[in-house]
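Inside the fold
Here's the letter readout for the chains.
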Amino acid sequence: MVGTGSRAALAERYGPAGADLPVAWNDTLAGLLAHRSVRAYRPDPLPPHTLETLVAAAQSAASSSNLQTWSVVAVEDPETKRRLSAVAGGQRHVVEAPLVLVWLADLSRLAAIGREKDRPTDGLAYLETLFVGIIDAALAAQNATVALESLGLASVYIGALRNDPAAVAEILGLPSNVLAVFGHCVGHADPARPASVKPRLPQSLVLHRERYGAGADPAAVAAYDRTLAAFQEGQRLAPVGWTRAALDRVRGPEALSGRDRIRAALERLGFGLR
């Protein structure tokens with residue numbers, strides 16, 4: 001049943017029109033719907049054992065066939081963070097956050113074990129196995145995000161590390177068959193520079209029952225453009241809405257910030273991609 005707490009959370013997540021969406025409600029759901037990307041951090045260090053706690057949560061996520069084809073590099077050194085920030089286009093929160101996690105699709109561990117046991121690992125050279133590693137890393141990272149938010153911390157993902165996977169591999173000393181999927185800034189949110197919940201597409205555009213339906217209904221898209229534009233105005237941003245920004249981001253290879261060359265980068269990093 002929709003209550004006062006859920007109505008407020010749903011209105012933030014979907015705009016005022018979503019306030020009456022019929023959902024179940026508890027503290028876990030309240031935390032999930034309150035998620036926001038935070039790009040401003042206090043300099044305070046993290047509480048002791050935070051890193052180990054987050055990794056324990058991450059390792060509790062699902063893993064395809066229990067292959068556990070992911071790893072994570074924890075970065076606290078200011079110079080390393082500065083170099084990662086440069087790859088990410090100079091995003092200052094990469095330097096500012098006390099901890100940056102770099103989540104990896106890691107096929108090197110199984111390759112090394114196969115060599116040690118003199119067992120074939122030809123399946124690692126297929127695109128499917130790289131998918132498994134990327135999905136495993138994403139699931140692990142999202143578990144860590146839920147965990148850190150439950151501890152009163154905040155975070156933001158840094159997909160821009162894929163601008164130059166080879167540079168990230170050099171900075172972090174990654175072996176062959178390891179890809180930095182994304183970075184992850186972690187810290188105490190700076191209350192002087194607060195972040196807000198960003199509205200998402202209405203469920204009518206993403207939820208399909210039995211068969212795929214109207215995934216790009218013009219009226220629903222237009223309504224979301226208005227909702228997001230209002231949010232952007234409240235954040236003192238240009239009220240461009242969603243459609244314009246999203247289509248600009250996918251207009252061509254020049255909009256991908258170097259990630260149009262990611263296939264070649266993967267080959268250099270040792271992935272077979274068969």
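Everything below is about the structure shown above.
Residues numbered from 1 in each chain as written. Predicted model: local features only at pLDDT ≥ 70, side-chain atom pairs only at ≥ 80, totals over all residues. Heavy atoms only, no water.

**Regarding the packing of aromatic side chains**
The test is simple: Put simply, two rings from Phe, Tyr or Trp (the six-membered ring, in Trp's case) pair if the centres are within 6.5 Å, and we call them stacked under 30 degrees between planes, edge-to-face over 60, tilted for the rest. Elements are defined by DSSP. Helices are runs of H or I of four residues or more, strands are runs of E of two residues or more, and each kind is numbered from the N terminus. Throughout, exposure labels follow a simple rule: accessible area from a 1.4 Å probe, protein chains only, divided by the maximum for the residue type, with under 20% read as buried, over 50% as exposed, and the rest as partly exposed.
The tally for this structure, following the rule as stated, stands at three aromatic pairs. Ring centres 5.1 Å apart and planes at 70° place the aromatic pair Tyr157 and Phe182 in the edge-to-face group. Taken together, the residues span a long stretch of sequence, with Tyr157 in strand S3 (residues 154-158) and Phe182 in strand S4 (residues 178-187) at a distance of 25 residues. Since its relative accessible area comes to 29%, Tyr157 is described here as partly exposed. Overall, the relative accessible area of 11% leaves Phe182 in the buried class.

**Thoughts on the nonpolar core**
Spelled out, the test is: Buried residues of nine kinds, namely Ala, Val, Leu, Ile, Met, Phe, Trp, Tyr and Cys, make up a nonpolar core once their side-chain atoms join them within 4.5 Å. The contact criterion used throughout is that any non-hydrogen atoms of two residues lie within 4.5 Å.
If you look at the biggest cluster of nonpolar residues, it comprises 52 residues, and the most contacted ones within it are Leu84, Val102, Trp103, Ile158, Leu161, Cys185 and Phe271. For this core, the elements supplying multiple residues, two or more each, are helix H3 (50-58), strand S1 (70-75), helix H4 (78-87), strand S2 (99-106), helix H7 (127-150), S3, helix H8 (165-172) and S4. Excluding residues that lie within four positions of it along the chain, Val102 makes contacts with Ser71, Val72, Val73, Val75, Leu84, Leu161, Leu172, Ala180, Phe182 and Gly183.

**Looking at the side chain of Ser71**
We apply this condition: In protein, a polar contact requires one atom able to donate a hydrogen and another able to accept it; more generally it is a pair of N or O atoms within 3.5 Å, and residues adjacent in sequence count only if both atoms are side-chain atoms.
Here Ser71 shows up in strand S1. A polar contact of 2.7 Å, which involves the side chain of Ser71, links it to the side chain of Asp106. When neighbours within four sequence positions are excluded, Ser71 is seen to be in contact with Val102, Trp103, Leu104, Asp106 and Arg109.

**Describing the pattern of salt bridges**
For clarity, the threshold we go by: Within this document, salt bridges are pairs made up of a side-chain nitrogen of Lys or Arg and a carboxyl oxygen of Asp or Glu, the two lying within 4 Å of each other.
Using the criterion set out here, one finds 11 salt bridges in the structure. A salt bridge links Arg193 to Glu96; its shortest N-O distance comes to 2.9 Å. A residue pair is termed long-range when its members are at least 10 positions apart, and Arg193 in the loop between S4 and helix H9 (203-206) and Glu96 in helix H5 (residues 92-96) qualify at 97 residues. For Glu96, a relative accessible area of 24% corresponds to the partly exposed category. Notably, a salt bridge pairs Arg263 with Glu267, separated by 3.7 Å at the nearest N-O pair. Of the two residues, Arg263 and Glu267 are both situated in helix H12 (residues 262-268); the distance of four residues between them amounts to about one turn of the helix. Each member of the salt-bridge network shares a partner with another, and the members are Glu96, Asp190 and Arg193.

**What about unusual backbone geometry?**
Even without being glycine, Ser65 reaches a positive phi, approximately 55°. By the secondary structure assignment, Ser65 is in the loop between H3 and S1. The exposure class of Ser65 is exposed, given its relative accessible area of 64%. Of note, Asn177 is a non-glycine position whose phi angle comes to about 70°, a positive value. Residue position: Asn177 is located in the loop between H8 and S4.

**Re the packing of H4 against H8**
We count it as follows: What counts as an axis is a line fitted to C-alpha atoms, over the stretch in contact for a helix, and the angles between N-to-C directions run from 0 to 180 degrees. Orientation is classified from the angle alone, with under 35 degrees giving roughly parallel, over 145 giving roughly antiparallel, 65 to 115 giving roughly perpendicular, and any other angle giving oblique. Three classes are used: nonpolar for Ala, Val, Leu, Ile, Met, Phe, Trp, Tyr, Cys and Pro, charged for Asp, Glu, Lys and Arg, and polar for all others, with Gly counted as polar.
Running from N to C, H4 and H8 point in directions that differ by 175°, and their axes come no closer than 10 Å. With respect to their mutual orientation, H4 and H8 come out roughly antiparallel. When H4 is examined against H8, the residues Thr80, Arg83, Leu84 and Val87 are found in contact with a partner set consisting of Ala167, Val168, Glu170, Ile171 and Leu172. Residues that form the contact of H4 with H8 fall into these classes: six nonpolar, one polar and two charged.

**Points about the environment of Pro45**
Among the structural elements, Pro45 can be located in the loop between helix H2 (27-33) and H3. Classification of Pro45 by relative accessible area gives exposed; the value is 65%. Taking C-alpha positions, Pro45 is 7.7 Å from Gly187, a pair spaced 142 residues apart along the chain.

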